[in-house]
Amino acid sequence: MVASVQKARIIVDKAFRIAEVDKRIYGSFIEHLGRAVYGGIYEQGHPTSDKNGFRSDVKELIQELGVPIIRYPGGNFVSGYNWEDGVGPVEERPRRLELAWRTVEPNWVGTNEFTAWAREIGSDVMMAVNLGTRGVDDARNLIEYCNHPGGSYWSDLRRKHGYEQPHRIKTWCLGNEMDGPWQIGQKTPQEYGRIAYETAKAMRLVDPDIELVSCGSSSTGMPTFPEWEAVTLDHTYDVADFVSLHQYYGNRDNDTANYLARSMDMDHFIHTVISTCDYIKAKKRSKKTMYLSFDEWNVWYHSNDADSKIDPWSIAPPQLEDHYNFEDALLVGSMLITFLKHADRVKMACMAQLVNVIAPIMTENGGRVWKQTIYYPYLHASRFGRGVSLKPIVDSPVYDAKDYTDVPYVDSAVVYDEENESLTIFAVNRHLEEDIELTCDVRSFEGYKVAEHIVLHSDDLKAVNTADHEAVKPQSNGDSSLNDGYVETMLSKASWNVIRLTKA
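The structure reproduced in this document is the subject of the present report. (Residues numbered from 1 in each chain as written. Predicted model: local features only at pLDDT ≥ 70, side-chain atom pairs only at ≥ 80, totals over all residues. Heavy atoms only, no water.)

1. Structural notes on a nonpolar patch on the surface
Then step 1. On the surface, a cluster of nonpolar side chains totalling about 310 Å² of accessible area is made up of Leu 97, Leu 99 and Trp 313.
Then step 2. With respect to the element layout, Leu 99 can be found in the loop between β5 (96–98) and β6 (103–105). (Patch = residues over 30% accessible without salt bridge, like charges linked within 9 Å, V, L, I, M, F, W, Y side chains within 5 Å. Areas by Shrake-Rupley, 256 points an atom, 1.4 Å probe, with all protein chains shown as cover. Salt bridge = Lys/Arg side-chain N within 4 Å of Asp/Glu carboxyl O. Helix = DSSP H or I, 4+ residues; strand = E, 2+ residues; numbered from the N terminus.)

So this is what it looks like as structure tokens:
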């Protein structure tokens, strides 16, 4: 008897529009933590460093990703950060005990250097203000320093520091994870709501054109979630444009089937926050829609044991340096697919972080740079996931995992680039043992052809990339064909797939 083949079906139609994809969902994050800055993007004396100390080899990989916005300078770091320490002559800047991560911050890189670097690589900055140890006064001074043209104390100080033109930073985070007991200056929801509202009010008086992100819960596991969102947004709804979401996942019990289903938890998280936002909208009789900024997300668990052994009070120790394997790349792919499914409300997202610290890019101090496994789904989504997110109707076999039921083996999102007349189908096959025969109904895209089928696959779920060997990398070896309006293909077991169609 011939064994039956697993089959799935997707219907894609131009009329099934979710929303235009905001390119900022492909953002990232650089915090003054571990080797993200020092030894990551910046390393004086490195063979590839430019005159300002920033590594050109790292810059090239970031530019390949096309990162549109980068959150800075934290993270937990920002809740104890005095931004004035990081401006002016570098030789006059103080060294501070950095309490969030228990290191020494030398302040070799600060606001001006980072914003200039971000502009050079083609990224905007999402700047966070300190609402932990500081507040309204600090925030209004910082935005005056960054965005006011001149003729005032702080703007003229920026000009004195060598930056004649304002940075014109548009997007600002009102603190970071203020509900977390690990946070310096933790707030109750009422306390945070009040200070965030007053800070937003002062910042908009300096620059009315900015957009602001109100802090959401630090994760779905917080005991106050989603009450925190409801209480804080009751204060900030009228002054904020976004509410933040943060979530990390790990496979600590080595249950890969359950691990790959965790994007369903992310989907539920997003639905819950949207519901809470819309409750406050209804309560306030508002016409304004609150959007979501998922400004911390990734896999994070590999480095936990190593981090517990780091001695305190050093400069840029190797903290949070997860070495990602192939199954991590599959989950990252599904997390990106989840953002695309919610393109109508998720308008910004930041993979945390960009270099060395739970990052797609790794470096050696004084040496090489390489791409981790998770680099590739991020690259493909950023490169091909721009346009209109379409709602695919997916009929897939399902499985039950430890924490989830009815998990579709095929997880998919579809993006239509009208301007360039291209269609991209992103698909993860979560099945660990079997390939899946996939049929995609694309009859509304008459005159299209299959241009490419990129596959990221490894027979070893635990395979990792190193500076010496790239064990996991994409291949354009997918066997997809388009006949009479139907794409026929085979999704390899445990694989990330990018099927690209273009107008013939």
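Still more ground to cover, so stick around.
2. Describing unusual backbone geometry
Then step 1. A cis amide bond, omega 15 degrees, links Gly 74 with the succeeding residue Gly 75.
Then step 2. Tracing the backbone shows Gly 75 in the loop between β4 (69–72) and β5.
Then step 3. A cis amide bond, omega -10 degrees, links Ala 352 with the succeeding residue Gln 353.
Then step 4. Within the secondary structure layout, Gln 353 lies in the loop between β12 (346–352) and β13 (361–363).
Then step 5. If you check the backbone angles, Asn 107 has positive phi at about 60 degrees while not being a glycine.
Then step 6. A relative accessible area of 1% places Asn 107 in the buried class.
Then step 7. The phi dihedral of Glu 177 is positive, around 45 degrees, even though this residue is not glycine.
Then step 8. By the secondary structure assignment, Glu 177 is in the loop between β8 (171–174) and α5 (189–206). (Buried < 20%, exposed > 50% of the residue type's maximum accessible area, 1.4 Å probe, protein only.)

3. With respect to the packing of aromatic side chains
Two measures describe an aromatic ring pair: the distance that separates the ring centres and the angle between the ring planes.
Then step 1. Here the structure, examined in full by the defined rule, presents 22 aromatic pairs.
Then step 2. Ring centres of Tyr 375 and Tyr 376 lie 5.6 Å apart, and the angle between their planes is 75 degrees; this geometry places the pair in the edge-to-face category.
Then step 3. With a relative accessible area of 0%, Tyr 375 lands in the buried category.
Then step 4. In this structure Tyr 376 comes out as buried when scored by relative accessible area, which is 5%.
Then step 5. Each residue in the set Tyr 38, Tyr 42, Phe 54, Tyr 72, Trp 108, Phe 114 and Trp 117 is aromatic and connected to the rest through ring pairs, giving one cluster.
Then step 6. Here Arg 71 stacks its cationic end above the ring of Phe 29, 4.6 Å away from the centre of that ring.
Then step 7. It is Lys 288 that lies over the ring of Tyr 237; its NZ or CZ is 5.7 Å from the centre. (Phe/Tyr/Trp six-rings, centres within 6.5 Å; stacked < 30°, edge-to-face > 60°. Lys NZ or Arg CZ within 6 Å of the ring centre and 35° of its normal.)

4. Comments concerning the sheet that holds strand β21 (residues 436–441)
Then step 1. Strand order in the open sheet formed by five strands is β16-β1-β21-β24-β23, and the pairing between neighbours is mixed. Single-partner strands in this sheet number two, and they are β16 (393–395) and β23 (481–483). Taking the axes of each pair of neighbouring strands and ignoring which way they run, one obtains an average angle of 20 degrees across the sheet.
Then step 2. Pairing between β23 and strand β24 (residues 486–491): three bridges, direction antiparallel. Residue pairing for β24: Ser 481 is matched across the bridge by Glu 488. (Pairing = 2+ DSSP bridges. Axes fitted to C-alpha atoms, helices over the stretch in contact; angles between N-to-C directions.)

5. So, the pattern of salt bridges
Then step 1. The tally for this structure, following the rule as stated, stands at 34 salt bridges.
Then step 2. Salt-bridge contacts for Glu 43 lead to Arg 55; the nearest nitrogen and oxygen are separated by 2.9 Å. One end of the pair, Glu 43, is in the loop between β3 (27–29) and α1 (56–65); the other, Arg 55, is in the loop between β3 and α1, with twelve residues separating them in the sequence.
Then step 3. Across the pair Asp 403 and Arg 262 runs a salt bridge, and its minimum N-O distance is 3.9 Å. Of this pair, Asp 403 sits in the loop between β17 (398–399) and β18 (407–408) while Arg 262 sits in the loop between α7 (256–259) and α8 (263–283); the two residues are 141 residues apart in sequence, bridging distant segments of the chain.
Then step 4. Taking the relative accessible area as the measure of exposure, Arg 262 reaches 15% and is therefore buried.

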